[in-house]
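Chain by chain, the residues:
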Amino acid sequence: MTHGAPVSVSSEESPVIRWLMREGRRMTDPKSFLENFAARLIEAGVDISRITTGVPVLHPQFFSYSGLWERGRGVTERLYRADASQDAILANSPIKSAYEGRPFRTRLTAPAAEREFPILTELRGAGMTDYAVLPVPFSDGTNKALSLATARDGGFSDDELTLFTAMTPAVASNLEIQALRRMARTLLDTYVGRQAGGRVLAGQIRRGMGETIRAVIWLSDLRGFTSLSESLPRDELIEVLNQYFGPMCDAVEANGGEVLKFIGDAMLAIFPVEDDAVVASRNALAAVRVAKAAVNKENDRRASAGKPRIRYGLALHVGDVMYGNIGGDARLDFTVIGPAVNLTSRIESMCKNLDRSPLLSAEFARQSGVEAEYLGEFELKGVAEKQLIYGLKG
């Protein structure tokens, strides 16, 4: 037996397993869970220096999530993209053996093998003396990964290794709960939006449930989409939509807005007015500038490739909207509705006639304090009164 105090391993005696089955199961935040899990191991006498978890995730950009805890440094979250480089890294890692259901352990005080996993060289350099990777079985029949390392002279004791094996079913239960919650939140954020997704996850799912909020309303629309859809192959058309929606979404979200939905080739977003309409309005204008610069850059690339430019119209308005659920009994949409949304849409439709974008409502021009250019008073379809419309000066 190597050095280290005896460690209880049965579920009845082990404080680590008891914690995993009780308090740990209520910790759905992966960072908090990993921090507390490490603390429980240390309290139980395990001289742990490093822990990682590896869980594949359902995400449009990333393949897996990993939590890394290091003694004295806390927890770092890592997301890995699904690409060829990550596949090559995984193939040359002991984590792969855990995913395949096989545990891995090596004493890092032994001489390095001629061809060893890169992580082992890294751990030796960090002063680690022992390293173990265990498969963590999920209920769907797949295995995830848990790795543990120590810098203690002599490495892990036999009792500690026995505890690691005994606790993996409880670790699996915790990681699966976290993975399911992360999956639910990712899907809601991806298809509903970050703020709206949070509300849905919190239980706001009854039809008609919502609230009236004041917001800057953003509505943008791709120009010439009908002709593009008739002239471009399917894949190229989807590429155009992605190259248009991508910069719009990134700009809105980076400046505190919330993308609510795509309506064909149009995008609806809001910038909630909390205490100051000026702040929300200027955030929206910052997003306009960022989106314009990104689309211009993309258009330069498209022009050099002989492809048609991406053209769009965009309107901004400030008004009260109903923010919540509408739809049928079993199929709902979490969005904003109301006359203010309709007015924004009608103003955006004037971008083509006025050959200007963005267009601003009188209310937006007044509340934002931006230096705006008066473009005229216009009758808009479905709007009772004529509307003053402005553009940005310069």
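Scroll up a little and you will see the structure.
Procedures and definitions
Residues numbered from 1 in each chain as written. Predicted model: local features only at pLDDT ≥ 70, side-chain atom pairs only at ≥ 80, totals over all residues. Heavy atoms only, no water. Helix = DSSP H or I, 4+ residues; strand = E, 2+ residues; numbered from the N terminus. Expected span 1.5 Å × (residues − 1). Buried < 20%, exposed > 50% of the residue type's maximum accessible area, 1.4 Å probe, protein only. Arc of directions from axis to C-beta. Phe/Tyr/Trp six-rings, centres within 6.5 Å; stacked < 30°, edge-to-face > 60°. Lys NZ or Arg CZ within 6 Å of the ring centre and 35° of its normal.

**Digging into helix α2 (residues 30-43)**
Item 1. Spanning 14 residues, α2 covers 20 Å between terminal C-alpha atoms, matching the ideal 20 Å at 1.5 Å per step.
Item 2. Listed as buried for α2 are Pro30, Phe33, Leu34, Phe37, Ala38, Arg40 and Leu41. For α2, the buried positions fall inside an angular range of 160 degrees around the axis, keeping them on one side.
Item 3. Positive backbone phi, approximately 95 degrees, marks Gly45, located one or two places after α2.

**Things to note about unusual backbone geometry**
Item 1. Here Ser357 and Pro358 are connected by a cis peptide whose omega angle stands at 5 degrees.
Item 2. Along the chain, Pro358 falls in the loop between α12 (350-354) and β12 (359-361).
Item 3. Its identity is not glycine, yet Asp355 carries a phi of approximately 55 degrees, on the positive side.
Item 4. In this structure, Asp355 sits in the loop between α12 and β12.
Item 5. Taking the relative accessible area as the measure of exposure, Asp355 reaches 68% and is therefore exposed.

**A short note on helix α11 (residues 339-348)**
Item 1. Those residues of α11 lying buried are Ala340, Val341, Leu343, Thr344, Ile347 and Glu348. For α11, the angular spread of buried residues about the axis comes to 160 degrees, placing them on one side.

**Things to note about the packing of aromatic side chains**
Item 1. Taken as a whole and assessed by the stated rule, the structure comprises 11 aromatic pairs.
Item 2. Each ring, one from Phe104 and one from Tyr131, has its centre 6.3 Å from the other, and the planes form 65 degrees; the classification is edge-to-face. Of this pair, Phe104 sits in strand β4 (residues 104-107) while Tyr131 sits in strand β5 (residues 130-137), and the two are 27 residues apart along the sequence.
Item 3. By way of ring pairs, the aromatic residues Tyr244, Phe245, Phe262 and Tyr312 are connected into one cluster.
Item 4. Directly above the aromatic system of Phe138 lies the positively charged group of Lys144, at a separation of 5.0 Å from the ring centroid.

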